[in-house]
Amino acid sequence: MKNPASLENKVVIVTGAAQGIGKALADQAILMGARLAAVDVNEAALETSFGEYAPDLVKVFPGDITDQSFVSSVVEGTVNSFGDVNGLVNNAGIVRAEMIMDMSIEQWQAVIDVNLTGAFLCMQAVGRHMVEMAKKGSANPGSIVNISSVAGRRGTIGQINYGAAKAGVLGLTMSAAREWGRYNINVNSACYGLVETVMTETIRQEKYRDKYLQSIPLNRFSTPEDIAPATCFLLSDAASYITGQHIGIDGGFHISS
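Computed from a predicted model, the values in this text were never measured in an experiment. (Residues numbered from 1 in each chain as written. Predicted model: local features only at pLDDT ≥ 70, side-chain atom pairs only at ≥ 80, totals over all residues. Heavy atoms only, no water.)

Novice: So what's going on with the nonpolar core? Which residues, and what values?
Specialist: Membership of the largest hydrophobic core comes to 36 residues, with the highest contact counts inside it found for Ile13, Ile65, Val126, Ile144, Trp180 and Val187. For this core, the elements supplying multiple residues, two or more each, are β2 (35-40), α3 (68-82), α4 (105-135), α6 (160-180) and β6 (185-192). Ranked by the residues each element gives to this core, the list is headed by α4, at twelve residues. Apart from residues no more than four positions distant in its own chain, Val126 is found in contact with Ile13, Val75, Val85, Leu88 and Ile144. (Core = buried A, V, L, I, M, F, W, Y, C linked by side-chain atoms within 4.5 Å. Buried < 20%, exposed > 50% of the residue type's maximum accessible area, 1.4 Å probe, protein only. Helix = DSSP H or I, 4+ residues; strand = E, 2+ residues; numbered from the N terminus. Contact = heavy atoms within 4.5 Å.)

Novice: Describe the environment of Ala190, listing the residues and the values that go with them.
Specialist: Tracing the backbone through its elements, the reader meets Ala190 in strand β6. With 30 residues separating them in the primary sequence, Ala190 and Arg220 have C-alpha atoms 19 Å apart. When sequence neighbours within four positions are dropped, the list of residues in contact with Ala190 reads Val145, Asn146, Ile147, Ser148, Thr231, Ile247 and Ile249.

Novice: Could you give me a rundown of a nonpolar patch on the surface, with the residues and numbers involved?
Specialist: On the surface, Ile100, Met101, Ile105, Trp108 and Ile160 cluster together into a nonpolar patch covering about 550 Å² of accessible area. Assignment of secondary structure puts Trp108 in helix α4. (Patch = residues over 30% accessible without salt bridge, like charges linked within 9 Å, V, L, I, M, F, W, Y side chains within 5 Å. Areas by Shrake-Rupley, 256 points an atom, 1.4 Å probe, with all protein chains shown as cover. Salt bridge = Lys/Arg side-chain N within 4 Å of Asp/Glu carboxyl O.)

Novice: I'd like a rundown of the side chain of Asn161, residues and numbers included.
Specialist: Checked against the element boundaries, Asn161 lands in helix α6. When its relative accessible area of 0% is taken as the criterion, Asn161 is described as buried. A distance of 3.1 Å separates a polar atom in the side chain of Asn161 from the backbone oxygen of Gln107. Leaving out residues up to four positions away in the same chain, Asn161 has contacts with Arg96, Met103, Gln107, Trp108, Val111 and Ile112. (Polar contact = N/O pair within 3.5 Å; in protein donor to acceptor, adjacent residues only side chain to side chain.)

Shown next as structure tokens:
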């Protein structure tokens with residue numbers, strides 16, 4: 001009997017897959033049985049991370065997710081290579097930290113472009129394929145997980161661009177879940193807290209560490225390996241009746257005062 005929580009026979013696209021959280025998500029999807037399309041703007045890192053995998057298991061797509069034509073080519077290339085796309089994890093993101101009064105329009109726009117518009121473009125392109133599959137009779141055409149953050153649920157200091165983008169991702173998730181529910185397409189968001197990555201290194205330094213740990217009921221920062229299994233579960237058939245949800249994988253950070 002097939003394990004409904006596996007990703008066996010599924011094809012999953014992960015953006016921002018070359019390192020950090022994205023690499024953990026990609027590794028977890030493969031571990032659960034998926035074939036993978038790994039997307040990242042850093043071509044060298046993609047080759048380092050996935051170069052040893054057989055091409056019938058992993059295909060890499062170096063490029064910029066804010067480029068609509070590139071995103072379309074990723075979906076087309078994935079279907080041509082693997083025959084289908086059953087899952088998308090919209091993970092790619094950047095930070096450009098600055099206080100509100102000092103933030104440049106370039107800092108604002110760069111984060112919105114990658115974290116919000118890029119997620120929309122990927123979701124749109126994958127959604128087109130999934131809707132087409134549903135119209136052809138597929139009973140379970142696929143699942144999408146958009147990576148958001150506690151910053152999008154409760155705000156953040158010094159990163160209003162990031163907080164706004166991640167709040168926007170929550171809106172993308174709910175709107176798409178409403179629109180595509182009739183096709184049996186699941187759309188959810190995974191909301192992370194403070195994860196031990198290069199991106200969060202500054203706020204995990206000793207002078208900030210205790211302050212942030214006091215806001216996390218589980219009293220520790222998460223690792224990419226902590227959050228990947230729960231995220232990839234949302235792509236599985238075991239999560240087929242979950243849609244439009246924001247799943248907090250943050251150690252309880254979003255409920256702290």
